[in-house]
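Understanding the architecture of this molecule
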Amino acid sequence: MSDPGHALLTITHRPNTVFIEGQGAWLTDEDGKRHLDLVQGWAVNSLGHSPALITQALLDQSQRLLNPSPAYYNRPLLDLAGRLVELSCFDRVFLASSGAEANEAAVKLARRWGSRRRGGAHEVIGFEQAFHGRTLAMMSASGKPGWGEIYPPMPTGFTKARLNDIASVERAMTRRTAAVMIEFVQGEAGVVVADPGFVRELRALTAERGVLLIADEVQTGIGRCGHAFAYEHFGVEPDVMTLAKGLGGGVPLAALLCKEDFNCFEPGDQGGTFCGNPLMAAVGLAVVNEVCRSDFLAGVRARAAQLSEGLQAIVQDHGLVGERGVGLLRALVLASDQAAEVVAAAQALAPVGLLLNAPRPHLLRLMPALNITAAEMEEGLALLRRALREVLG
Ligand SMILES: *Cc1c(COP(=O)(O)O)cnc(C)c1O
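Thresholds applied
Residues numbered from 1 in each chain as written. Predicted model: local features only at pLDDT ≥ 70, side-chain atom pairs only at ≥ 80, totals over all residues. Heavy atoms only, no water. Near = heavy atom within 4 Å. Polar contact = N/O pair within 3.5 Å; in protein donor to acceptor, adjacent residues only side chain to side chain. Areas by Shrake-Rupley, 256 points an atom, 1.4 Å probe, with all protein chains shown as cover. Helix = DSSP H or I, 4+ residues; strand = E, 2+ residues; numbered from the N terminus. Nonpolar A, V, L, I, M, F, W, Y, C, P; charged D, E, K, R; others polar. Buried < 20%, exposed > 50% of the residue type's maximum accessible area, 1.4 Å probe, protein only. Salt bridge = Lys/Arg side-chain N within 4 Å of Asp/Glu carboxyl O. Patch = residues over 30% accessible without salt bridge, like charges linked within 9 Å, V, L, I, M, F, W, Y side chains within 5 Å. Contact = heavy atoms within 4.5 Å. Pairing = 2+ DSSP bridges. Domains from an automatic or database assignment. Buried area = accessible area lost by both parts, 1.4 Å probe.

**Quick notes on the site of the ligand**
Taken together, Ser98, Gly99, Ala100, Asn103, Phe131, His132, Gly133, Glu183, Asp216, Val218, Gln219 and Lys245 make up the full set of residues adjacent to the ligand. Between the ligand and alanine 100, the relevant distance is 2.8 Å, taken from an oxygen atom to a main-chain nitrogen or oxygen of the residue. In the complex, the protein chains occlude 82% of the 380 Å² of accessible area that the ligand would expose alone. In terms of residues, the shell around the ligand owes the most to one element, helix H4 (residues 99–117), which gives three residues. Counted by class, the shell around the ligand contains three nonpolar, six polar and three charged residues.

**Comments concerning the side chain of serine 46**
Along the chain, the position of serine 46 falls in the loop between helix H1 (40–43) and helix H2 (52–64). Owing to a relative accessible area of 2%, serine 46 belongs among the buried residues under this scheme.

**Let's talk about the pattern of salt bridges**
In this structure the tally under the stated criterion is 16 salt bridges. With a shortest N-O distance of 3.0 Å, glutamate 188 and arginine 365 are connected by a salt bridge. Taken together, the positions of glutamate 188 in the loop between strand S8 (185–186) and strand S9 (192–193) and arginine 365 in strand S17 (residues 363–366) put the pair 177 residues apart, joining distant regions of the chain. On the basis of relative accessibility, which here comes to 17%, the residue glutamate 188 falls in the buried class. Arginine 385 is the salt-bridge partner of aspartate 317, the closest N and O atoms lying 2.9 Å from each other. Residue aspartate 317 is located in helix H10 (residues 294–318), and its partner arginine 385 is located in helix H12 (residues 374–392); the two are separated by 68 residues in the primary sequence. Connected via shared salt-bridge partners are Glu170, Glu208 and Arg209.

**What to know about a nonpolar patch on the surface**
A surface patch of nonpolar side chains, about 310 Å² in accessible area, is lined by Leu136, Ile150 and Tyr151. In this fold, leucine 136 is placed in helix H5 (residues 136–141).

**Some thoughts on unusual backbone geometry**
Residue proline 153 is bonded to the preceding proline 152 through a cis peptide linkage, with omega at 0 degrees. Relative to the elements of secondary structure, proline 153 occurs in the loop between H5 and strand S6 (158–161). A cis amide bond, omega 0 degrees, links alanine 350 with the succeeding residue proline 351. Tracing the chain through its elements places proline 351 in the loop between helix H11 (339–348) and strand S15 (353–355). One non-glycine residue, asparagine 164, lies in the positive phi region at around 65 degrees. Examined against the element boundaries, asparagine 164 turns out to sit in the loop between S6 and helix H6 (166–172).

**Re the environment of glutamate 217**
Position of glutamate 217 among the secondary structure elements: in the loop between strand S10 (212–216) and helix H8 (230–234). Residue glutamate 217 is classed as buried on the basis of its relative accessible area of 1%. The spacing of glutamate 217 and glutamine 186 is 31 residues in sequence and 9.7 Å in space, taken between C-alpha atoms. For glutamate 217, the residues in contact, after removing those within four places along its chain, are Phe184, Phe229, Ala230, Tyr231, Met241, Thr242 and Leu243.

**Looking at the pairing of S10**
The side chains of a regular strand alternate between both faces of the sheet. Of all the five residues making up S10, five are buried; the element is thus mostly covered by neighbouring parts of the structure. Alternating residues of S10 divide into Leu212, Ile214 and Asp216 and Leu213 and Ala215, and every residue in both groups is buried. Sheet topology note: the strand S7 (residues 177–182)/S10 ladder contains four bridges and is parallel. Across the sheet, alanine 179 pairs through a bridge with leucine 212, a residue of S10. Bridging between S10 and strand S11 (residues 240–243) involves three bridges; their strand directions are parallel.

**So, the domain arrangement of the protein**
Looking at the assigned domains, one finds that the protein contains domain 1 (19–51 + 294–392) and domain 2 (52–291). One C-alpha centre belongs to domain 1, the other to domain 2, and the line joining them spans 27 Å. Contact residues are listed per partner, giving 27 residues for domain 1 and 30 residues for domain 2. Carbon and sulfur atoms make up 59% of the area that domain 1 and domain 2 hide from each other, which totals about 2400 Å². Looking only at domain 1, the three residues that lose the most surface to domain 2 are Pro51, Val326 and Leu329, adding up to 26% of its buried area. Here domain 1 and domain 2 share 14 residue pairs in polar contact (both at pLDDT 80 or more) between them. When residues of the side of domain 1 that touches domain 2 are assigned to their parent elements, the largest contribution, four residues, is made by H10.

**Let's talk about the environment of isoleucine 214**
Mapped onto the elements of the fold, isoleucine 214 is located in strand S10. Accessibility expressed as a relative area gives 0% for isoleucine 214, which makes it buried. As a C-alpha pair, isoleucine 214 and glycine 126 span 88 residues in sequence and 9.7 Å in three-dimensional space. In this structure, isoleucine 214 is in contact with Ala106, Ala110, Ala179, Val180, Met181, Ile182 and Val240, ignoring residues within four places of it in sequence.

In C-alpha cells form, the structure reads like this:
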C-alpha cells in the first residue's frame, strides 16, 4: 500500500488508516470500518467525537465573531474565564492554544514572580518521567529520558525530583527555586498516580518555603479524573494550574490559572495572536458547562468504576500485572513489552476495531470520552479481551 502520509514531514509512525468521520465513541475510516475509540484524541474529546454542543458553539460563534485580536475583550473570553474562576480555587485566567504554551506561560509567571518577590528565584523543579509539552523549554521541564539530547542546547533553569519522594524535592530546593511543577497523575509516563500523602507534603513544603506549586492539569483537568480538577481528588489547592486537552473538547484551547497573589505579569509581558480568541473560547465554555455539572461528573465516576472493575477482571484472567488510574484516565499494565502488538491487534479486529494507546512498551492507556455509555464501555472491554487473547494467547 502506498504511504498516505508521503507529503507530510516525518514525525512519527502511524497506521495507514485514514479516519474520515467520528460520532461519540466511534470513528469511521475511509474503508467504512468502524472503531470504538478509547484514545479520543489523547484524552482531548471529553464529549466524544463531533458532539452537537460543540458543532452548535462553533456555528453560532463563527457567524458572530471570529477574532477581534487579543488587544480587545470579547464576550466568550470573559465568560469562559469567569466560569473557570467560579469553578476553581483560582482568580485569574489566561487563555492559550496548547498545553505546552500554557505550561510555558506558567513558567514565565513563576519567573516573573521570582524576579519581583523572591530576589531572582527562577528555577523550576519538575519530576522524573514527567511530560509538560514539546517546546524547547517544556522539553527541559519534562523528565522524559533522552529528551535532553535531541535538540541541544536546551533551556536551563529546570531541575528534577522523584515523584512520591518528598526528600528528593527538598534536596532539589535552593534559594533560586521559584516553583515546583507537577502532574498529579503522570499521563505520558504511563498513568503514574501521585500518592495523596506526598501531594499534601509537597503542598506544605512549597508553602513553607515560599515556592509556587504549579499543577499541570492539561490531561487530568475538566472532568477526566471524576472531578472538575484533579487537585480536588488530592485535597490540595495549587497556586497555579494549566489546562488544555479536555478543555476544548477537541479544538485547540488551553488555559493558565492562578491565584490573585500571582497575578504579576506587566502589560506586554505575555500574549499571543490566538490567545483568547472567541471561537475557541465559545467551545470551551460549552464544554465546561456540560462537563463540570455534578450529575455529569457522577456519571464519569460511575463509568470509571465500571472500567476499573472490568480491567481488574482482565488482569485476573490474563495474569497481567495490574490496572491503575484516577477517573477515566487509566492504564492496564501487561506482564511483557507487547503493548504495541495489542494496539495493532485491537485496531485490526473485525468487523469493528478498537483504538488503544500504548505510551510505554508494557502498558496500555485508556482515556474514553467522558460521556461514554455503560454499553459502549462493556463493548470496549470485550474487544480488549479479544485483542489480548490474540496477542497473549
Ligand atoms: C499533552 C500534555 C501536555 C502538552 O499539551 P499540548 O497541547 O500537546 O502542547 C502538557 N502536559 C501534559 C500533562 C500533557 O498530557
